[in-house]
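One-letter residues, chain by chain:
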Amino acid sequence: MRAVVVERDRPASVEEVDEAFLRGPADVGAEGGRGDDGGGDDGGEGGGEVVVDVAWSSLNYKDGMALAGDRGVARVSPLVPGIDLVGTVATSASSRFAPGDLVVLNGAGLGETRHGGFAERAVVDAGSLVAVPAGISPRQAAAVGTAGFTAMLSVLRLERDVRPDDGEIVVTGAAGGVGSVAIALLSGLGYSVTASSGRVDEQGDYLLSLGATTVVDRAELAEAGKPVQRPRWAGGVDSVGSTTLASVLAQTSWGGTVAACGLAQGADLPTTVIPFILRAVTLAGVNSVDAPLALRREAWGRLATDLDLGLLDSMTVEVDLDDVIAEGPRIVAGQVRGRTVVRVGG
Ligand SMILES: NC(=O)c1ccc[n+]([C@@H]2O[C@H](COP(=O)([O-])OP(=O)(O)OC[C@H]3O[C@@H](n4cnc5c(N)ncnc54)[C@H](OP(=O)(O)O)[C@@H]3O)[C@@H](O)[C@H]2O)c1
């Protein structure tokens, strides 16, 4: 089986691996795995209950970091990156799945602590596995991927506090994967969306086509400012962090909520308690990796009903397993637009 493999102090490459390698714990090393017939040991942590023939994966910011050998993401070596997979169940020890079922898995350690979706086969735990909803093709499920799943989680969180008639929603990192899907979802739900992007000239029309009503230059938010400023937003979806998130919080109106899911600008958050205690602003954390199964099912159910699949297709480009390695540095540099699906066995 073909797989992208990253190993410490070596550039990523596409290699032939066997199922023992894919089944084994990623951090024990390559013995008895890659390219030979050894092993077959279920291997504890790296093992799983469901074997999936992977059709599609996708490229996320985190995958770019893993492909670069970033030890914060690629936490074991050797590792097959790919935090998403979509495919067909080959064998299942879980009563929830049977051979032939179409399934999707986002996060849950894939491509970080266990072998991920950039391989023709994956051995996964059933605990986070979700059936691909009817109406969504396998390629579209991969296009949603972790970025779109996270956008949906962010919208679910916003909806608890903010209604469309409460005011403007700002989406930062707008032309990226999370941002693009968040704009499509929010505009489809009737929210008025301001897209904040560093690529206004290049991607402004694209962002309007997804449903944004206004596009602003991200430089407006990137500067450090006062802890409360003129209220502009009823809420926000932030995939950028740092001074941008601090500015969004400072510009959020009374009782608003900002869903924070990313750190494309930085992991720091230079703010004070003032937006929280003077404006009753809520900063809501969003985490896709460890989302419980019930929330995964809810989010995928909502993606099936609320995401315009025509818009999803319009923001999607496709690469092969051989080409994904070269895309890694581009997504980390903020040069990729929307979503990139990776054709694995599809
Ligand atoms: N919490 C979770 O579970 C979760 C899940 C998925 C992703 N994330 C995180 O969310 C972030 C976005 O992920 P993604 O897959 O959507 O990545 P992406 O496709 O690369 O999008 C990131 C976007 O952020 C903007 N950006 C990049 N560098 C920036 C900088 N220095 N300052 C300000 N803006 C910058 C760019 O948008 P513009 O060109 O439009 O400015 C870029 O397209 C990442 O930090 C990722 O790790 C977290």
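Residues numbered from 1 in each chain as written. Predicted model: local features only at pLDDT ≥ 70, side-chain atom pairs only at ≥ 80, totals over all residues. Heavy atoms only, no water.

Next up on the list: the site of the ligand. If you check the shell around the ligand, you find 24 residues, and the closest are S197, G198, R199, C261 and S288. Here A174 contributes a backbone N or O atom positioned 3.5 Å from an oxygen atom of the ligand. The contact in question runs from an oxygen atom of the ligand to an N or O atom on the backbone of G176, over 3.4 Å. For the ligand, whose accessible area on its own is 910 Å², the fraction buried by protein is 89%. The cavity where the ligand resides is the largest pocket. (Near = heavy atom within 4 Å. Polar contact = N/O pair within 3.5 Å; in protein donor to acceptor, adjacent residues only side chain to side chain. Areas by Shrake-Rupley, 256 points an atom, 1.4 Å probe, with all protein chains shown as cover. 1 Å grid on protein atoms, 1.4 Å probe; cavity = no way out; pocket = protein on both sides within 12 Å on 5 of 7 lines; lining within 4 Å. Sits in = over half its atoms within 2 Å of the grid points.)

This next bit is on the packing of helix α3 (residues 138-159) against helix α4 (residues 177-188). The N-to-C vectors of α3 and α4 enclose an angle of 50°; their axes lie 8 Å apart at closest approach. It follows that α3 is oblique to α4 by the angle criterion. The way α3 lies across α4 gives a crossing that is right-handed. The segment α3 lies against α4, with A147, G148, T150, A151, M152, V155 and L158 engaging G177, V178, V181, A182, L185 and L186. Split by residue class, the contact of α3 with α4 holds ten nonpolar, three polar and no charged. (Axes fitted to C-alpha atoms, helices over the stretch in contact; angles between N-to-C directions. Helix = DSSP H or I, 4+ residues; strand = E, 2+ residues; numbered from the N terminus. Parallel < 35°, antiparallel > 145°, perpendicular 65-115°, else oblique. Left-handed = near helix turned anticlockwise from the far one by under 90°. Contact = heavy atoms within 4.5 Å. Nonpolar A, V, L, I, M, F, W, Y, C, P; charged D, E, K, R; others polar.)

Next up on the list: the nonpolar core. One finds I183, L185, L186, W300 and L307 to be the most contacted residues of the largest nonpolar core, which totals 51 residues. The leading source of residues in this core is α3, at twelve residues. Counting residues domain by domain, this core receives three or more from each of domain 1 (2-132 + 315-343) and domain 2 (146-285). Ignoring anything within four residues of it in the chain, the contact list for L307 reads V144, V181, A184, L185, R302 and L312. (Core = buried A, V, L, I, M, F, W, Y, C linked by side-chain atoms within 4.5 Å. Buried < 20%, exposed > 50% of the residue type's maximum accessible area, 1.4 Å probe, protein only. Domains from an automatic or database assignment.)

Let's shift gears to the side chain of S128. The residue S128 is located in the loop between β6 (121-124) and β7 (130-131) in this model. The exposure class of S128 is buried, given its relative accessible area of 17%. Dropping the residues within four chain positions of it, S128 is found in contact with V104, L105, A108, L293 and R296.

This next bit is on helix α5 (residues 200-209). For α5, the complete set of buried residues consists of Q203, G204, Y206 and L207. On the buried face of α5, the contacting elements are α4, β9 (193-197) and β10 (214-217).

It is worth spelling out the pattern of salt bridges at this point. Counted under the stated rule, the structure contains 18 salt bridges. Across the pair R114 and D125 runs a salt bridge whose closest N-O atoms are separated by 2.8 Å. Of this pair, R114 sits in the loop between β5 (102-106) and β6 while D125 sits in the loop between β6 and β7, and the two are eleven residues apart along the sequence. Judged by its relative accessible area of 14%, R114 is buried. Between R157 and D161 there is a salt bridge, with the nearest N and O atoms lying 3.2 Å from each other. Overall, R157 belongs to the buried group, its relative accessible area being 17%. Several salt bridges share partner residues, and in doing so they unite E19, R23, D53 and R121 into one network. (Salt bridge = Lys/Arg side-chain N within 4 Å of Asp/Glu carboxyl O.)

On domain assignment, one finds that the chain holds domain 1 (2-132 + 315-343) and domain 2 (146-285). Placing a centre on the C-alpha atoms of domain 1 and another on those of domain 2 gives a separation of 30 Å. The junction of domain 1 with domain 2 conceals about 990 Å² of combined surface from both sides, 56% of it contributed by carbon and sulfur atoms. At the junction of domain 1 with domain 2, the criterion picks out zero salt bridges. Linking domain 1 with domain 2 are six residue pairs in polar contact (both at pLDDT 80 or more). Residues that form the side of domain 1 that touches domain 2 fall into these classes: four nonpolar, six polar and three charged. (Buried area = accessible area lost by both parts, 1.4 Å probe.)

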